[in-house]
There are 2 protein chains.
Amino acid sequence: MRENDFLKWIAEHTPVHSGVPLGIGDDMAAVLLGGTNPLALLKIDQCLDLVHFDLRKHSASQAGTKAVNRCLSDCAAMACSPAAIMISVALPNEGPGSGESFAQELFLACQAAAAKFNCPLVGGDTSIWDQRLAITVAALGAATSNKLITRSGAKPGDTIFVSGALGGSILGRHLSFSPRIELAKKILAAAGEKLHAMMDLSDGLAQDLPRLATASNVGAEIHTANLPIHEDAYTLSENDHIPAGLHALADGEDYELLFALDPEAVPNIVNLTDIPLTAIGTVTADKKLALVDETGKSHPWPNIGWQHKS
Amino acid sequence: MRENDFLKWIAEHTPVHSGVPLGIGDDMAAVLLGGTNPLALLKIDQCLDLVHFDLRKHSASQAGTKAVNRCLSDCAAMACSPAAIMISVALPNEGPGSGESFAQELFLACQAAAAKFNCPLVGGDTSIWDQRLAITVAALGAATSNKLITRSGAKPGDTIFVSGALGGSILGRHLSFSPRIELAKKILAAAGEKLHAMMDLSDGLAQDLPRLATASNVGAEIHTANLPIHEDAYTLSENDHIPAGLHALADGEDYELLFALDPEAVPNIVNLTDIPLTAIGTVTADKKLALVDETGKSHPWPNIGWQHKS
């Protein structure tokens, strides 16, 4: 299939969307930002074969879904609605990820993942090369107010929460997670101005909490006994004998929400959805990060978790 | 250098921009769309080592500049101002494109290329892998009016123009071209509603004109004697004995503007800038594309030029 034919196929498989006056096929796509606020939120994120997924065992659909959901998880982190996504794929000319049907399955999976949030896929770029599959997704979000929910607003005394449970996502959740967009919007609606800071957990709490604390110029105390540990972390622990709590801190790819809330707003967010929200600690003024164990003893923050190295 | 350190380095090397209330470092960046029109224009485009550039002979700066300018050329095609760009890079762990200084030079080149158009770089993503360098650029443009300059508005009787001269860009212009953003905005300002359709020439006139004609549901007659042939096309022709006019039609990567204009507006666009604008033909109602030679004989449209194949 030649480029023109694939572009035609994509255009034919792209539904009309009221927020997209100009869709796939022109030099750029045009997207309407809802409301009166002209603030556009932007994110770009890539997923690479044998880094973020493994085409020897994962399908085109799994790879595309993960690539889109990772980017949408950042929309959740900003408590915004995704207004549009674009995808760029460097397709291998042979081996895993090659061939027309793979590209079509990938495109349809990306589109379907976005459509779950009424988010149109408005642009794309495809190239063929002799290297492995690389998928890049860019997202445009529409801010619902001028007050952005950033990483930098946490205040001493805030209660720190995470959604869901952490650790062991490598057993499958890193491919099958659902971006917490609706949950984030409900938290913002319930807490209002008392929601001070939020981010999504992609590299593990051990790596991500320091980012929030640094951006906010604060410290934090996390109570290990309160950490919501996923059953997948216990499953891993049975095999590798690493404590499940360490998996919860370090594994990454949880794609859950981490947020800091004025304690007065805590009652507002009880039972918002079926997804558990757990208070795991407190923001402190001293700019230090500490893990407090069940006996009340404080330990320095562990330097573990996922970081790309060069 | 670890990921956190590189992110910190990037943040330190990113200038403040009045249109970016939230820049690099949070989950998403926030960009102000100017004016009262909340229409966001979006584009994504990738540049791959040994496909779009060759790191055995091209520098980080050349690769990054090309990647950004290709995307900005699409902003020119929509006659819009770029409001923000984001870059995603998959960096090799060894060989051409590896190492900290390469990544830094690449980032600074991307930033500088965008800054020429007062366009901030607001987001990025970096990963390391054992494959070649892949750069993906996403651009956000701010539409200046609700009337978008698309590929689909050409009308029978319109005069077809190209900017600059075509062919032979492989000799160096594919790396060093300047996106025609200012020129496009001047053409739009001078021609107003009489500018019916526009696109940028990336795959060669032979491939790109049919795209404009198909989108507009029209045909076209192009007069070969009027084609502005670049001196690089003549240089190539001396070596490969392919006529320079064929190079001008087929080579691609010209990144010039192709546009269709109501003939009444032709006097308005004379001498707008130093960049020549050449009338090369006429839009026709019959949906056929033809090349008319110097004797007035009509030839079928040549199926030549650049298309990615799979």
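Residues numbered from 1 in each chain as written. Chains lettered and ligands numbered in written order. Predicted model: local features only at pLDDT ≥ 70, side-chain atom pairs only at ≥ 80, totals over all residues. Heavy atoms only, no water.

This brings us to the domain arrangement of chain A. All names here are of chain A. Split by domain assignment, chain A resolves into domain 1 (15-143) and domain 2 (159-300). Summarising the inter-unit geometry, the C-alpha centres of domain 1 and domain 2 are found 27 Å apart. Between domain 1 and domain 2, the contact holds 18 residues from the first and 17 residues from the second. Considering only the side of domain 1, the residues that lose the most area to domain 2 are Lys66, Ala79 and Phe117, jointly responsible for 32% of the buried surface there. For the interface between domain 1 and domain 2, the tally reads two salt bridges. Take the side of domain 1 that touches domain 2: its biggest share by element is ten residues, from helix 2 (residues 60-77). (Domains from an automatic or database assignment. Contact = heavy atoms within 4.5 Å. Buried area = accessible area lost by both parts, 1.4 Å probe. Salt bridge = Lys/Arg side-chain N within 4 Å of Asp/Glu carboxyl O. Helix = DSSP H or I, 4+ residues; strand = E, 2+ residues; numbered from the N terminus.)

By the definition in use, this model includes 24 salt bridges over all chains. With its nearest N and O atoms 2.8 Å apart, the salt bridge here joins Glu256 of chain A to Arg180 of chain A. A residue pair is termed long-range when its members are at least 10 positions apart, and Glu256 of chain A in the loop between helix 8 (244-250) and strand 9 (257-261) and Arg180 of chain A in the loop between helix 4 (173-176) and helix 5 (181-191) qualify at 76 residues. On the basis of relative accessibility, which here comes to 7%, the residue Glu256 of chain A falls in the buried class. In this structure, the salt-bridge partner of Asp232 of chain B is Arg173 of chain B, at a minimum N-O distance of 3.0 Å. (Buried < 20%, exposed > 50% of the residue type's maximum accessible area, 1.4 Å probe, protein only.)

A separate point is the relation of the copies chain A and chain B. Note on the copies: chain A fits chain B at an RMSD of 0.0 Å, the axial shift is 0.0 Å, and the rotation between them is 180°. In short, the pair behaves as if placed about a two-fold rotation axis. Interface overlap between copies is the fraction of interface residues in one copy that are interface residues in the other; for chain A against chain B it reaches 100%, indicating a shared surface. (Least-squares fit on C-alpha atoms with pLDDT ≥ 70 in both.)

Turning our eyes to something else, we now look at the interface of chain A and chain B. Put simply, an interface is often sized by how much accessible area is lost when its parts join up. Taken together, the contact between chain A and chain B spans 71 residues of the former and 71 residues of the latter. Counting the surface chain A buries against chain B, the share from its top three residues, Asp27, Met28 and Leu42 of chain A, is 14%. Run the count over chain A and chain B and you get two salt bridges. Between Asp130 of chain B and Arg132 of chain A there is a salt bridge, and its shortest N-O distance comes to 2.6 Å. The interface formed by chain A and chain B contains 15 residue pairs in polar contact (both at pLDDT 80 or more). (Polar contact = N/O pair within 3.5 Å; in protein donor to acceptor, adjacent residues only side chain to side chain.)

All names here are of chain A. Within the structure shown, the criterion is met by five aromatic pairs over all chains. With 5.3 Å between their ring centres and 5° between their planes, Phe161 and Phe259 make a pair best called stacked. With a gap of 98 residues between them, Phe161 in strand 6 (residues 159-163) and Phe259 in strand 9 connect regions that are remote in the sequence. In terms of burial, Phe161 and Phe259 fall into one category: buried. Plain terms: the ring middles of Phe177 and Tyr255 are 4.0 Å apart, the flat faces sit at 20° to each other, and that makes the pair stacked. With Phe177 in the loop between helix 4 and helix 5 and Tyr255 in the loop between helix 8 and strand 9, this residue pair connects regions lying 78 residues apart in the sequence. The exposure classification of Phe177 matches that of Tyr255, with both residues buried. (Phe/Tyr/Trp six-rings, centres within 6.5 Å; stacked < 30°, edge-to-face > 60°.)

Time to look at the confidence of the model for chain A. Averaged over chain A, the pLDDT score is 91; the fraction of residues at 70 or greater is 95%. Taken together, the chains of this predicted complex give a pTM of 0.92 and an interface ipTM of 0.91. (pLDDT = per-residue confidence, 0-100.)

This paragraph deals with the nonpolar core. By size, the foremost hydrophobic cluster in this structure holds 58 residues, and its most contacted members are Val68, Ile85, Ile135, Leu195 and Phe259 of chain A. Broken down by element, the residue count for this core peaks at eight residues, all from helix 2 of chain A. The contact partners of Ile85 of chain A, leaving out residues within four places of it in the chain, are Val68, Leu72, Cys110, Ala114, Cys119, Pro120, Leu121, Val122, Gly123, Val137, Ala138 and Ala139 of chain A. Listed in part, the 56 residues of the second largest apolar core include Cys47, Ala63, Cys119 and Leu121 of chain B. (Core = buried A, V, L, I, M, F, W, Y, C linked by side-chain atoms within 4.5 Å.)

The next point concerns the sheet that holds strand 6 (residues 159-163) of chain B. Residue and element names in this part refer to chain B. Across the sheet, which stays open at both edges, the seven strands sit in the order 7-9-6-10-8-11-12 with mixed pairing between neighbours. Edge strands, defined here as strands with exactly one partner in the open sheet, are strand 7 (195-200) and strand 12 (298-300). Taken over all neighbouring pairs, the strand axes of this sheet differ in orientation by 30° on average, direction set aside. Contacts between helix 2 (residues 60-77) and the sheet are confined to strand 7 and strand 9 (257-261), with strand 7 contributing the most and set at about 175° to the helix. Along the sheet, helix 5 (residues 181-191) contacts strand 6, strand 7, strand 9 and strand 10 (277-284); its crossing angle with strand 9, the most-contacted strand, is approximately 5°. (Pairing = 2+ DSSP bridges. Axes fitted to C-alpha atoms, helices over the stretch in contact; angles between N-to-C directions.)

What follows deals with the sheet that holds strand 8 (residues 219-223) of chain A. All names here are of chain A. Taken in spatial order, the seven strands line up as 7-9-6-10-8-11-12 in an open sheet, and their pairing is mixed. Sheet topology places strand 7 (195-200) and strand 12 (298-300) at the edges, where each strand pairs with a single neighbour. Strand-to-strand twist in this sheet, taken as the mean axis angle between neighbours without regard to direction, amounts to 30°. Here strand 11 (residues 289-292) runs beside strand 12; their pairing, made up of three bridges, is antiparallel. Looking across to strand 12, one finds that Ala290 is bridged to Pro300.

Here helix 3 (residues 100-115) of chain B contains 16 residues, and its C-alpha end-to-end distance of 23 Å stays within 8% of the 22 Å for a straight helix at 1.5 Å per residue. The complete set of buried residues in helix 3 of chain B reads Phe102, Ala103, Gln104, Leu106, Phe107, Ala109, Cys110, Gln111, Ala113 and Ala114 of chain B. (Expected span 1.5 Å × (residues − 1).)

Further remarks concern the pairing of strand 2 (residues 39-48) of chain A. With ten of ten residues buried, strand 2 of chain A is to be regarded as a mostly interior element. Alternating positions in strand 2 of chain A separate into two faces, Leu39, Leu41, Lys43, Asp45 and Cys47 of chain A on one and Ala40, Leu42, Ile44, Gln46 and Leu48 of chain A on the other, with burial throughout. Two elements, strand 2 of chain A and strand 1 (residues 29-32) of chain B, share four bridges in a ladder whose sense is antiparallel. By the bridge assignment for strand 1 of chain B, Ala40 of chain A is matched with Val31 of chain B.

Mapped onto the fold, Asn69 of chain A is located in helix 2. Once residues lying within four places of it in the same chain are set aside, the contact partners of Asn69 of chain A are Ala113, Phe177 and Pro179 of chain A.

Residue and element names in this part refer to chain B. Axis separation between helix 2 and helix 3 bottoms out at 8 Å; the angle between their running directions is 35°. Crossing hand, helix 2 versus helix 3: right-handed. Residues Ala60, Ser61, Ala63, Gly64, Thr65, Val68, Asn69 and Leu72 of helix 2 touch helix 3, and the partners they reach there are Phe102, Glu105, Leu106, Ala109, Cys110, Ala113 and Ala114. For the contact of helix 2 with helix 3, the per-class residue count stands at ten nonpolar, four polar and one charged. (Left-handed = near helix turned anticlockwise from the far one by under 90°. Nonpolar A, V, L, I, M, F, W, Y, C, P; charged D, E, K, R; others polar.)

Let us look at the environment of His58 of chain B. All names here are of chain B. Within the secondary structure, His58 sits in the loop between strand 2 (39-48) and helix 2. Taking the relative accessible area as the measure of exposure, His58 reaches 15% and is therefore buried. Taking the C-alpha atoms as reference, His58 lies 9.7 Å from Pro96; in sequence the two are 38 residues apart. For His58, the residues in contact, after removing those within four places along its chain, are Phe53, His174 and Leu175.

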